[in-house]
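Results of the structural survey
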Amino acid sequence: MFSIHLRDIDADLVEAWRAAFADVADVEVSLGDIFAPDADAILSPANSFGHMDGGIDLLYSRYFGWDLQTNLQAILSQHHYGELPVGQAIVLSTGQARFPFLVSAPTMRVPTRIDQTVNVYLAFRAALIAVLSHNAGADDTIRSLLVPGLGTGVGAMPPARAARQMRLAYDAIFAPASERRSARTILREHHELLI
């Protein structure tokens, strides 16, 4: 298991996270600059094509250097035919001692509103799986993941909905249902993601 630090400059989102993750000991929530805390990995909610020139990804490109975008797009070209769909995520090295890994987990194919989708759920679920998969086969494991708001900027996802989708994604990975779910149950859960 690894710890997760949810951090954003939007006070409404931070409060929504605090409510959604109140009973989860390994998830920390705080308000402020994304680069203030230390972590082994930082999550990028970029688009499916790895363009890191807008929103929080622009901050990442300025912080890590533009080679990060170039490297991400090269991996997407070599292993994903140039496009990483929403619901998939990859881990790549940043080449830096601080935040040595980036987890690219697109919340949108191209910059657009995603407020009426389950994309935040899909992206966060994919990011968690990518870290677990990385840790299963790597010498340099990820012990802490720093996560900004997902889909709450350009994507216009309301904070409460984004927080709820992230919590349900967390539960899907770390507290999976013990029984096989019916189609009706899955459909009800899907509708709950959009409330």
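Below, the structure is looked at part by part. (Residues numbered from 1 in each chain as written. Predicted model: local features only at pLDDT ≥ 70, side-chain atom pairs only at ≥ 80, totals over all residues. Heavy atoms only, no water.)

Overall, the coordinates contain 9 salt bridges when judged by the stated rule. For aspartate 40, the salt bridge goes to arginine 143, with nearest N and O atoms at 3.5 Å. Here arginine 143 lies in the loop between helix H4 (119-137) and strand S6 (144-147) and aspartate 40 lies in the loop between strand S2 (27-31) and strand S3 (41-44), a separation of 103 residues in the sequence. In this structure arginine 143 comes out as exposed when scored by relative accessible area, which is 55%. (Salt bridge = Lys/Arg side-chain N within 4 Å of Asp/Glu carboxyl O. Helix = DSSP H or I, 4+ residues; strand = E, 2+ residues; numbered from the N terminus. Buried < 20%, exposed > 50% of the residue type's maximum accessible area, 1.4 Å probe, protein only.)

Next up on the list: the packing of aromatic side chains. Tallied over the full model, the rule gives 10 aromatic pairs. Between tyrosine 63 and phenylalanine 64, the aromatic rings sit 4.9 Å apart at their centres with planes inclined by 80 degrees, giving edge-to-face as the arrangement. Owing to a relative accessible area of 30%, tyrosine 63 belongs among the partly exposed residues under this scheme. Its relative accessible area of 9% is what places phenylalanine 64 among the buried residues. (Phe/Tyr/Trp six-rings, centres within 6.5 Å; stacked < 30°, edge-to-face > 60°.)

For the rest of this paragraph, the subject is unusual backbone geometry. The general pattern is negative phi for most residues beyond glycine and trans for most peptide bonds. In the Ramachandran plot, phenylalanine 99 falls in the positive-phi region, its phi being about 55 degrees despite a non-glycine side chain. Its location among the elements puts phenylalanine 99 in the loop between strand S4 (90-93) and strand S5 (101-104). For alanine 156, which is not glycine, the phi torsion reads 60 degrees and is therefore positive. Topologically, alanine 156 is positioned in the loop between S6 and helix H5 (159-174). Take alanine 156: its relative accessible area is 27%, and that puts it in the partly exposed class.

Core analysis: the biggest nonpolar cluster contains 42 residues, and Phe21 and Phe124 have the highest contact counts within it. Of all the elements in the fold, those that place two or more residues in this core are strand S1 (3-8), helix H1 (11-20), S2, S3, S5, H4, S6 and H5. If one sorts the elements of this core by residue count, H4 sits on top with 9 residues. In this structure, phenylalanine 124 is in contact with Ile4, Phe21, Leu43, Val147, Leu150, Met166, Ala169 and Tyr170, ignoring residues within four places of it in sequence. Formed by 17 residues, the second largest nonpolar core is a distinct cluster that contains Leu68, Leu84, Leu92 and Phe99. (Core = buried A, V, L, I, M, F, W, Y, C linked by side-chain atoms within 4.5 Å. Contact = heavy atoms within 4.5 Å.)

So far we have only geometry, and geometry alone does not tell us how the molecule works.
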